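# Secondary and tertiary structure notes
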Amino acid sequence: MMKTYCVLGLLLVLLLFSSCGKTGDLHYLETTAATEVSETEAVPFPYTPSEDGVLNYGRFRLLGKTDQFQYHDGYLYFLAGRNSTGNAKLGARATHLVRMNVETGNVTEVCPDPLCAHDKNSDCAMYGIGSGGFIVGPDGKYYVMKVYLTPDGFVDSFVQYDAEKDTAVELDNNFTGYSYEYYTERYRIYKDNLYDEETKTAIPRIMRTDLSTLESVQIWPKQTETAGEDEMLFIIDDRLYLTDHVCLYSIDLNGEDYRVHLEGKIPIHAETDGTYVYYTDQRELCRRRLDGGAEERMGLDAIGIHLTEKYVYYRSGEETVLGKARIIGYTGDVITLYGEKLCRYPLDGEGGEEVLYTFSEEIASLRPDDWIVVGNYCYCTYTYWVDPDGDGVYRDGDEVRSEPSNENGRVLTFLRIDLTTGVADVISVDEYGTKTEGKLK
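Residues numbered from 1 in each chain as written. Predicted model: local features only at pLDDT ≥ 70, side-chain atom pairs only at ≥ 80, totals over all residues. Heavy atoms only, no water.

### Quick notes on the overall build of the protein
When you go through the protein residue by residue, the secondary structure sums to zero helices and 38 strands. Scored against the burial criterion, the 441 residues of the protein give a buried share of 50%. For the protein, the proportion of contacts with a sequence separation of at least 24, taken over those separated by at least 6, is 49%. Surface summary for the protein: the accessible area is close to 21,400 Å², and the carbon and sulfur share equals 48%. (Helix = DSSP H or I, 4+ residues; strand = E, 2+ residues; numbered from the N terminus. Buried < 20%, exposed > 50% of the residue type's maximum accessible area, 1.4 Å probe, protein only. Contact = heavy atoms within 4.5 Å. Areas by Shrake-Rupley, 256 points an atom, 1.4 Å probe, with all protein chains shown as cover.)

### Digging into the packing of aromatic side chains
Here the structure, examined in full by the defined rule, presents 19 aromatic pairs. Measuring from centroid to centroid gives 6.0 Å for Tyr276 and Tyr278, while their planes differ by 55°, and the two rings are tilted. The exposure class of Tyr276 is buried, given its relative accessible area of 16%. Judged by its relative accessible area of 0%, Tyr278 falls in the buried class. Following the ring pairs from residue to residue traces out a cluster consisting of Tyr75, Tyr77, Tyr142 and Tyr161. The positively charged end of Arg287 is found above the aromatic ring belonging to Tyr276, 4.0 Å away from the centroid. (Phe/Tyr/Trp six-rings, centres within 6.5 Å; stacked < 30°, edge-to-face > 60°. Lys NZ or Arg CZ within 6 Å of the ring centre and 35° of its normal.)

### Structural notes on the sheet that holds strand S26 (residues 303-307)
A sheet is described by the order of its strands in space; here four strands give the open sequence S26-S27-S30-S31, paired in antiparallel fashion. Looking at which strands have only one partner, the edges of the open sheet turn out to be S26 and strand S31 (354-358). The average undirected angle you get between the axes of adjacent strands in this sheet is 25°. Alignment of strand S27 (residues 311-316) against strand S30 (residues 341-346), held across six bridges, turns out to be antiparallel. The residue of S30 that forms the bridge with Arg315 is Leu342. (Pairing = 2+ DSSP bridges. Axes fitted to C-alpha atoms, helices over the stretch in contact; angles between N-to-C directions.)

### Regarding the environment of Val147
Inspection of the secondary structure puts Val147 in strand S11 (residues 142-150). According to the relative accessible area criterion, Val147 is buried, its value standing at 14%. Taking the C-alpha atoms as reference points, Val147 and Gly132, separated by 15 residues in sequence, lie 5.4 Å from one another. Excluding residues within four positions of it along the chain, Val147 makes contact with Gly128, Ser131, Gly132, Phe154, Val155 and Asp156.

### Quick notes on the pairing of strand S24 (residues 284-289)
Every regular strand shows the same layout, with side chains that alternate between the two sheet faces. Counting buried positions along S24 gives five out of six residues, so the element sits mostly inside the fold. Where strand S23 (residues 276-281) and S24 come together, six bridges link them in antiparallel fashion. Residue pairing in the sheet places Thr280 in a bridge with Leu285 of S24. A loop of two residues connects S23 with S24, the two strands running antiparallel in sequence, and Gln282 in this loop sits at a positive phi of about 50°. Sheet topology note: the S24/strand S25 (residues 296-301) ladder contains three bridges and is antiparallel. Pairing of Cys286 across the sheet is with Arg297, part of S25. Hairpin remark: S24 followed by S25, antiparallel, with six residues in the connecting loop; positive phi at Gly292, about 110°.

### Let's talk about the sheet that holds strand S29 (residues 334-337)
Read from one edge to the other, the open sheet built from three strands follows the order S29-S28-S34, with strand pairing classed as mixed. Of all the strands in the sheet, just S29 and strand S34 (393-395) have a single pairing partner and so form its edges. Recorded for the sheet is a direction-independent mean angle of 45° between the axes of neighbouring strands. One ladder, built from three bridges, connects strand S28 (residues 320-326) with S34; its direction is parallel. By the bridge assignment, Arg326 is partnered in S34 with Arg395.

### Looking at the pattern of salt bridges
Per the stated rule, a full pass over the model turns up 20 salt bridges. The residue Asp210 makes a salt bridge to Arg186 at a minimum N-O spacing of 3.3 Å. Of this pair, Asp210 sits in strand S16 (residues 201-210) while Arg186 is found in the loop between strand S14 (179-183) and strand S15 (187-196), placing the two residues 24 residues apart along the sequence. You can call Arg186 partly exposed: its relative accessible area is 47%. In this structure, the salt-bridge partner of Arg259 is Asp257, at a minimum N-O distance of 2.7 Å. The partly exposed category is assigned to Arg259, whose relative accessible area is 39%. Its relative accessible area of 37% is what places Asp257 among the partly exposed residues. Connected via shared salt-bridge partners are Asp281, Glu284, Glu295 and Arg297. (Salt bridge = Lys/Arg side-chain N within 4 Å of Asp/Glu carboxyl O.)

### Remarks on unusual backbone geometry
Although it is not a glycine, Arg283 adopts a positive phi angle of roughly 65°. Structurally, the position occupied by Arg283 is in the loop between S23 and S24. The backbone phi angle of Glu361 is positive, close to 50°, even though this residue is not glycine. Position of Glu361 relative to the elements: it lies in the loop between S31 and strand S32 (366-374).

### Observations regarding the nonpolar core
Side chains of a nonpolar character, in soluble globular proteins, are inclined to be buried together. Among the nonpolar cores identified, the biggest contains 21 residues, and Leu366, Leu415, Ile417, Leu419 and Leu440 are the most heavily contacted of them. Broken down by element, this core gets its largest block of residues, four residues, from strand S33 (residues 377-385). Core analysis: the next-biggest nonpolar cluster, separate from the first, contains 19 residues, Leu79, Leu97, Cys116 and Tyr161 among them. (Core = buried A, V, L, I, M, F, W, Y, C linked by side-chain atoms within 4.5 Å.)

Printed below as a string of structure tokens:
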């Protein structure tokens, strides 16, 4: 039998769940290096394809705290080596963008230069991304907010980066950022402020940049003094949907053809499947038809929502008091956790609510931070609490985050939860964008 050598660069920590994957224990695989196995015995990266697609109605976020994960065309994108200070430690490469093939688990760097350190001395087009953020646009290009320090002070620069050509074009050198951005194949839609010398105030306005010509024009000003500030929600069929907290309305991408769709306040974190707008109100999942109609309260306890083509995903569950808090700066005297269940509800209503995963038993103190659902998998960073002396009192240092920092070697760790089996794999990626031994931090 033909032999091959398989080096396990990723050690998966399996959280095996009984009762249809809803609860379970923590199990560790033994580390194996340069193991001689047959081709038929080699264990591939487990992957189950799905017919459920990813919804994207044009909304991406740049907050300086970019959403940890973004998905585009078969890849999960995230930052490697990110840390709390924004500065690389001695001998380490600066924060950079990597992508993981969701079918194979292979992680590669977006920067095409394998020797690039991604720092200020390497002339990397994406240097500074760690303190800014990134967007993967529908056109396959990368939109990067770069923030970095020079002898003359901080530099803010927003660039369009083409990885295939390894070229970057600056779109803005006075980028205010920290808000949602919206993209089509042709346009970037974003919010800017126009300073009025007469009133000495900044007037919000919505801008449109043609991604081919880089020409920018204003398409929508703040409408009235009585309404709240106009907030963008999503793009459907070349129409931009907004709320002024009085109604939900839309305009075309030229800033024309104003249409009111719904009267009343719609939260700015609402999402859409193109037919309904979904949101939560007092932890209850709600929806309204975009073509008009009353609010439908769905009777489902929900914390946060994430839509795919077939489901609305959310977290649910009663609050859990973990123990007493003796932590400097912590609000409250007890540690309270919420949303131990990961659930979904079919958009067509057939089948009802499903509980897919429960954070319980050995990981009862773990909760997701940033999360995204792609096909049959949920990817999430997390926070969990440890109680070394078992006295039920949590002190400074007992809160552990999976995000990279200088203290944990700048290794990003996240969970990949299989929504069909209830098995959660722990995946770790080091500061060089290399998968390492996976373990809970």
